[in-house]
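Commentary on secondary and tertiary structure
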Amino acid sequence: MRLRQLILCVVCCLMAIVPSCAIAEAAHRTTLSLDGTWDVEDSVGANEMPKTYGHTVPVPGLTHSAVPAFADVDEYKTKQLLSNLVEQGRYSRADFDKLGDVRGISYQKRNYFWYRKTFNGPTRDAVALLKVNKSQFGTVVYLNGVRIGEHHPCFTAAYFDVTRAIHWNAPNELVIRIGAHPGVLPPNVSQGTDFEKNRWTPGIYDDVSLEVMNDPVIVNAQVKPELASSSIVVQTELHNYSSRALTTSVEQQSFTWKSHTVASGKIVSRVEVPAGATKLVKQIVPVPNAHPWSPEDPFLYQVNTRTSGDDVTTRFGMREFHFDTVTQRAYLNGRPYFLRGSNITVHRFFEDPESGTLPWDEKWLHRLLVTIPRQLHWNSFRFCIGPVPDRWLQIADENGLLIENEYMVWTGHPSWSSYHATYDTNEMISEYTEWMRDNWNHPSVAIWDATNESWLPEFTTKIIPAVRSLDLSNRPWENSYNAPAGPDDAVEDHQYLFFGTAMNDTQSGASEFKMTDLESMLGPGPDDPTSKTGHAMILNEYGWLWLNRDGTPTLLTQKLYPKLLGNQNTTEKRFELQAYLLGGETEFWRAYRRYAGVLHFVYLTASDPNAFTSDHFRNLRTLDLEPHFAGAMEQAFNPLGVYLNFWHPTLVQRERRDYTVAMVNDEDRRRMGRLRLVFKDAEGQDGVSSEIPFSLEPLGAQSYTVTLNAPATAGKYTLQAIAASEDDRNHPTISHRDVSVLPETIKAADVNGEAAFDPTSDRRTTRAD
């Protein structure tokens, strides 16, 4: 290995002495942003280009933001959603059976939207390419009345050669036709599948730009970091649009991103690209003393790639990430790393009545992806059921987030409903190839997530194997309920312990869960077959405790909260209980190291009366979290994790017990301090307590037993396990349990009040207040 590295370094140094004048100084790419306000109009027919436009719309953005607004702009229900509603008794099975072989039902009097933008063309060059970074549903481009081409996928960038139609140094009219709903897509193209998406919102939801350059054109530059040799591999894809073969130099040089300090010498190779052909060029660029990228230190570089006719800059981070089946851990830059975070379902959020233009608001995005995650100790997100606009990943790169990047595939098991979506294998290979190309230089993108909760064997046997090698960094893949596609790929797990209680589904085998069950559990629940694996697991959904932003239960929890709260089923009590249970579950899932990552569901999604799930924002525009939730998550996700393994709702006066406190240290440094167990009364005053030292090795875990008597006075108390580290005594981690201390002569069943199901208990209890 050392000999190979030495040879590579010598070769690279020899190559670096090629004079820079070998590359023509004229090489330069000009990029013209076409973002901004566009005209927009609708039509029924695919060839009915409007003659006049009466609306405007932001790009990037969604058509529901048009001014004046279009009626019923996103009213479309997929067959998959309707099958879910049939199972819940909210849609007629007879009407469903009449649908036949269609994608869904449109409730709007249109099939297409036409976007128009005028711009002044740049100075003449050899090639002009239009890039539409993402749009849905289907993209057809016209420039100056010339039909350029089409691109059907909804989640990947589209490139169009507009050289033959552009007016250089003159006005141009660009028209882009998109589908108004998924029903206009060809049958083999993926619209995205989601059982719980109520509306499907069209739009050009990512950047649009015009790029002009000379041949040979740099189609793509992929960067593979290699920490062991402190170097990068740059694979450059060139295309020669001209009618003659071209010989060109290909130059690479890296710089630090923020300061633009030179980070490497110039590496130059000479290649010939035949007329009309594409060529891959792979070069190794030493980056001495490379600075690794991590969520704690998101240091970025960029590499400038240059040919005789073109140049591009590609940003990257020196980051390596993988899972290991033997240890069942994630590894970041060679060290174990524990993922903590949540989920964002941006395509569901698009349908939220309040979403508007927020997904493209820089200040709003920074608070969403940077400020709040840091407050809650999150280092990871799953961008769930559909790719996000590229700016979201750029922010993740710059501020340190590890992203589980999920394509919009969710079919469930064939037994779930009468409808099971299928996929065209060749089409998905093509879409996944584009998806990877769009994202493989983002250091934040750590995991390719092929599917969500799906049994689709062809993804394991055909689709993932066909595209995996395209990613030079060999990121791990996650493929939901299918067999892992690689020996060290991770497996997702979803632990919805309250499902049976919420859905009245205990007769079908789901148990009625009680929080006291956690006291005898060490990991996944007994009813869940998806966690039966020897691979590393990511818990990226749990809870089943959703509340709408106004505190009302969602469609999936309407039966749950009356059972949990009885006559105390108020908005405030629901928020309080939701946070208490989610916080406790989060502590538990982290405590015993059964998961390489724990990600709560869900941080951002749609919230309205017809929503199945919801997020936790009290004010969406200002992104103020519901206070109980924010407080619970800040403690439960602390890198110094504390879990008090006690859930009984009552104790007897002076009852003596041994309490187990499980602690984890997610940081790569030793943590020492004091662990205190204390009863606090209703006024917050300290009562009986006990204190012991704790010591956790780097990335370690340890359980402690603390013996303590219950208070001598009956009443309501909070039992707290408080861990204060020597290096941060002012910010302890606290795990707490609400408990009533009863007189020795009174049993729980004797307390007056209306009966209610207590989620912490193993029996029906009563509530006195």
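Residues numbered from 1 in each chain as written. Predicted model: local features only at pLDDT ≥ 70, side-chain atom pairs only at ≥ 80, totals over all residues. Heavy atoms only, no water.

1. A few points about the environment of Asp608
In this fold, Asp608 is placed in the loop between strand E34 (597–604) and strand E35 (617–619). For the pair Asp608 and Leu555, spaced 53 residues apart in the sequence, the C-alpha separation amounts to 10.0 Å. The residues touching Asp608, leaving out its near neighbours within four places in the chain, are Arg199, Pro353 and Asn548. Engagement of the side chain of Asp608 in a polar contact is seen with the backbone nitrogen of Asn610, the distance being 2.7 Å. (Helix = DSSP H or I, 4+ residues; strand = E, 2+ residues; numbered from the N terminus. Contact = heavy atoms within 4.5 Å. Polar contact = N/O pair within 3.5 Å; in protein donor to acceptor, adjacent residues only side chain to side chain.)

2. Some points on the nonpolar core
With 109 residues, the main nonpolar core has Ile344, Leu368, Leu369, Trp392 and Tyr432 as its most contacted residues. Broken down by element, the residue count for this core peaks at nine residues, all from helix H11 (residues 571–591). When near neighbours in sequence (up to four residues on either side) are disregarded, Tyr432 contacts Tyr407, Val409, Ala450, Thr451, Phe459, Ile463, Val467 and Trp477. (Core = buried A, V, L, I, M, F, W, Y, C linked by side-chain atoms within 4.5 Å. Buried < 20%, exposed > 50% of the residue type's maximum accessible area, 1.4 Å probe, protein only.)

3. A closer look at the side chain of Arg737
Inspection of the secondary structure puts Arg737 in strand E44 (residues 728–742). Side chain to side chain, Arg737 and Glu587 meet in a polar contact 3.0 Å long. Reaching out from Arg737, the side chain makes a polar contact with the backbone oxygen of Phe646 at a distance of 3.0 Å. Beyond its immediate stretch of four places on either side in the chain, Arg737 contacts Tyr580, Glu587, Tyr643, Leu644, Phe646, Trp647, Tyr717, Thr718 and Leu719.

4. Quick notes on the state of the cysteines
All told, the structure shown has zero disulfides when counted by the stated rule. Cys154 forms no disulfide, and the closest cysteine sulfur to it belongs to Cys384, at a distance of 17 Å. The exposure class of Cys154 is buried, given its relative accessible area of 0%. (Disulfide = S-S within 2.5 Å.)

5. What about the sheet that holds strand E41 (residues 686–696)?
Reading across the sheet, the five strands line up as E38-E44-E43-E40-E41 and stay open at both edges, with mixed pairing between neighbours. If you trace the sheet from one side to the other, it starts and ends with strand E38 (650–652) and E41, each paired once. The average angle at which neighbouring strand axes cross in this sheet is 30°, direction not considered. Of the pairings in the sheet, the one linking strand E43 (residues 715–725) to E44 comprises 10 bridges and is antiparallel in character. Paired with Leu719 across the strands is Arg737, a residue of E44. (Pairing = 2+ DSSP bridges. Axes fitted to C-alpha atoms, helices over the stretch in contact; angles between N-to-C directions.)

6. Here we look at the environment of Ile232
Note that Ile232 resides in strand E14 (residues 231–239). The buried category is assigned to Ile232, whose relative accessible area is 0%. Considering only alpha carbons, one finds Ile232 and His347, 115 residues apart in sequence, at a separation of 34 Å. Not counting residues up to four positions away in its chain, the partners in contact with Ile232 are Val223, Lys224, Pro225, Gln283, Ile284, Val285, Val287, Val303, Phe316 and Met318.

7. Some remarks on the packing of H11 against helix H12 (residues 627–636)
Two elements in contact, H11 and H12, have axes separated by 8 Å at closest approach and are oriented at 10°. Considering the angle they form, H11 stands roughly parallel to H12. For the pair H11 and H12, the crossing hand works out as right-handed. Facing Glu572, Phe575, Glu576, Ala579, Leu582, Gly583, Thr586, Glu587 and Arg590 of H11, the residues of H12 in contact are His628, Phe629, Ala632, Met633 and Ala636. Taken together, the residues that form the contact of H11 with H12 break down as seven nonpolar, three polar and four charged. (Parallel < 35°, antiparallel > 145°, perpendicular 65-115°, else oblique. Left-handed = near helix turned anticlockwise from the far one by under 90°. Nonpolar A, V, L, I, M, F, W, Y, C, P; charged D, E, K, R; others polar.)

8. Structural notes on the sheet that holds strand E37 (residues 640–644)
The sheet built from three strands is open, its strands ordered E37-E39-E42 with antiparallel pairing. A single partner strand is all that each edge strand has here, and the edge strands are E37 and strand E42 (701–709). Averaged over neighbouring strand pairs, the angle between their axes works out to 25° when direction is ignored. Note that E37 and strand E39 (residues 656–665) share five bridges and pair antiparallel. Its bridge partner lying in E39, Gly641 is registered against Val664.

9. Details of the side chain of Ser614
Looking at the element boundaries, Ser614 is found in the loop between E34 and E35. According to the relative accessible area criterion, Ser614 is buried, its value standing at 1%. Among the polar contacts listed, one links the side chain of Ser614 to the backbone oxygen of Leu547, at a separation of 3.2 Å. Of note is the side chain of Ser614, whose polar atom sits 3.0 Å from the side chain of Ser607.

10. Comments concerning helix H6 (residues 390–399)
Along H6, eight of the 10 residues are buried, which leaves the element largely enclosed by surrounding structure. Looking one or two residues beyond H6, the residue adopting positive phi is Gly400, at roughly 90°.

11. A short note on the packing of aromatic side chains
Tallied over the full model, the rule gives 43 aromatic pairs. Seen from their ring centres, Phe70 and Phe113 are 5.0 Å apart, and the 70° between their planes marks the pair as edge-to-face. Residue Phe70 is found in the loop between strand E3 (55–59) and strand E4 (76–78), and its partner Phe113 is found in strand E6 (residues 112–120); the two are separated by 43 residues along the sequence. On the basis of relative accessibility, which here comes to 0%, the residue Phe113 falls in the buried class. Connected via pairs of aromatic rings, a cluster forms that spans Phe155, Tyr407, Tyr423, Tyr432, Trp435, Trp448, Phe459 and Trp477. The positively charged end of Lys79 is found above the aromatic ring belonging to Phe96, 5.8 Å away from the centroid. (Phe/Tyr/Trp six-rings, centres within 6.5 Å; stacked < 30°, edge-to-face > 60°. Lys NZ or Arg CZ within 6 Å of the ring centre and 35° of its normal.)

12. Some details on helix H8 (residues 457–467)
Along H8, the positions that sit buried rather than exposed are Phe459, Thr460, Ile463, Ile464 and Val467. Here the buried residues of H8 occupy an arc of 130° about the axis, which is enough to place them on one side. Across from the buried face of H8, at angles greater than 90 degrees, the exposed residues are Pro457, Thr461 and Lys462. Looking at the packing, one finds that the buried side of H8 touches helix H7 (425–439) and strand E31 (477–478). (Arc of directions from axis to C-beta.)

13. Observations regarding the environment of Ser308
Mapped onto the secondary structure, Ser308 falls in the loop between strand E20 (301–306) and strand E21 (311–316). On the basis of relative accessible area, Ser308 is assigned to the partly exposed category, the value being 27%. Taking the C-alpha atoms as reference points, Ser308 and Ala290, separated by 18 residues in sequence, lie 29 Å from one another.

So, to be careful, I would describe these as geometric facts and stop short of saying anything about function.
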